[in-house]
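These are the residues of each chain, in order.
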Amino acid sequence: MERRPARGHRNIPHTADVRIEAWAPDREGCVAEAVTALVDTFVDTTGAAADGETDFRVPPGADADLLVGVLDEVIFRMETAGELPLETEVRAAGDGGLAVRWRTTGTDAVELVGAVPKAVSLHELCFAAESAGWRCAVTLDV
């Protein structure tokens, strides 16, 4: 049986697109790890410093929809505002949605190291509680 830290993420080999997996003791931590996993697939953030902060809310929905909403927001803000999250804090909102806070940097402050994701695929999307916490697996269209 594979031993892994209580919280983390990794890339999973995939033929055409990029697939990420993330895990954490709780749902919100798993979403935050998935954000880091997404960013790590295409940029090197080593040495980048946060120079901004962004707050947003994801409306109530099924757990998988909340995850996709947060990951879609990463891609949207990268494309429209030229910013990427370096640190992610996710909290459950009282209405059943999520409250997200990012410490961000500009896309010009990081080095491109992989294919830039264009969208989050719903194909083979997995986000669920397990005995050791929460785990998700997501395919990113590049």
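To start, this report covers the structure provided alongside it.

So, how was this worked out
- Residues numbered from 1 in each chain as written.
- Predicted model: local features only at pLDDT ≥ 70, side-chain atom pairs only at ≥ 80, totals over all residues.
- Heavy atoms only, no water.
- Helix = DSSP H or I, 4+ residues; strand = E, 2+ residues; numbered from the N terminus.
- Rg over C-alpha atoms; globule rule 2.2 N^0.38 Å.
- Buried < 20%, exposed > 50% of the residue type's maximum accessible area, 1.4 Å probe, protein only.
- Contact = heavy atoms within 4.5 Å.
- Areas by Shrake-Rupley, 256 points an atom, 1.4 Å probe, with all protein chains shown as cover.
- Lys, Arg positive; Asp, Glu negative; His and termini not counted.
- Charge placed at Lys NZ, Arg CZ, Asp CG, Glu CD.
- Pairing = 2+ DSSP bridges.
- Axes fitted to C-alpha atoms, helices over the stretch in contact; angles between N-to-C directions.
- Phe/Tyr/Trp six-rings, centres within 6.5 Å; stacked < 30°, edge-to-face > 60°.

## Observations regarding the overall build of the protein chain
Then, number 1: Scanning the protein chain for helices and strands turns up two helices and nine strands.
Then, number 2: Relative to the 2.2 N^0.38 estimate, which gives 14 Å for 142 residues, the radius of gyration of the protein chain is 14 Å and therefore close to what a compact globule would have.
Then, number 3: Principal axes of the C-alpha set define a box for the protein chain whose edges measure 40 × 40 × 25 Å.
Then, number 4: The buried share of the protein chain, reckoned over its 142 residues, is 44%.
Then, number 5: Across the protein chain, the fraction of contacts at a sequence separation of at least 24, relative to all contacts at a separation of at least 6, is 65%.
Then, number 6: For the protein chain, the computed accessible surface area is about 7,300 Å², with 49% contributed by carbon and sulfur atoms.
Then, number 7: Across the protein chain, the 13 positively charged side chains and the 25 negatively charged ones have centroids separated by 5 Å.

## Focus on the sheet that holds strand β5 (residues 83-92)
Then, number 1: Within the open sheet, the three strands sit side by side as β4-β6-β5. Their pairing is antiparallel. Each edge of the open sheet carries a strand with a single partner, namely β4 (52-58) and β5. Within the sheet, the average angular offset between the axes of one strand and its neighbour, ignoring direction, is 25°.
Then, number 2: In this structure, β5 lies alongside strand β6 (residues 98-106), joined through nine bridges in antiparallel fashion.

## Focus: the packing of aromatic side chains
Then, number 1: As enumerated under the stated definition, the model contains two aromatic pairs in all.
Then, number 2: Considering the side-chain rings of F56 and W102, the 4.8 Å spacing of their centres and the 55° angle between planes classify their relative orientation as tilted. Separated by 46 residues along the polypeptide, F56 in strand β4 and W102 in strand β6 bring together distant segments of the chain. In this pair, the class of F56 matches that of W102, namely buried.
Then, number 3: Taking 5.2 Å as the distance between ring centres and 50° as the angle between the ring planes, the aromatic pair formed by F127 and W134 counts as tilted.

## A word on the sheet that holds strand β2 (residues 18-24)
Then, number 1: An order of β1-β2-β9-β8 is seen for the four strands of this open sheet, with the pairing classed as antiparallel. At either end of the open sheet lies a strand with only one pairing partner, and these are β1 (8-12) and β8 (119-130). Here the strands of the sheet are splayed against their neighbours by 15° on average, with no regard to which way each runs.
Then, number 2: Two elements, β2 and strand β9 (residues 133-141), share seven bridges in a ladder whose sense is antiparallel. Along β9, the bridge assignment pairs I20 with V138.
Then, number 3: Strands β1, β2, β8 and β9 of the sheet are contacted by helix α1 (residues 27-40), whose axis makes an angle of about 150° with β2.
Then, number 4: Running over the sheet, helix α2 (residues 63-81) touches β8 and β9 and is turned about 135° from β8.

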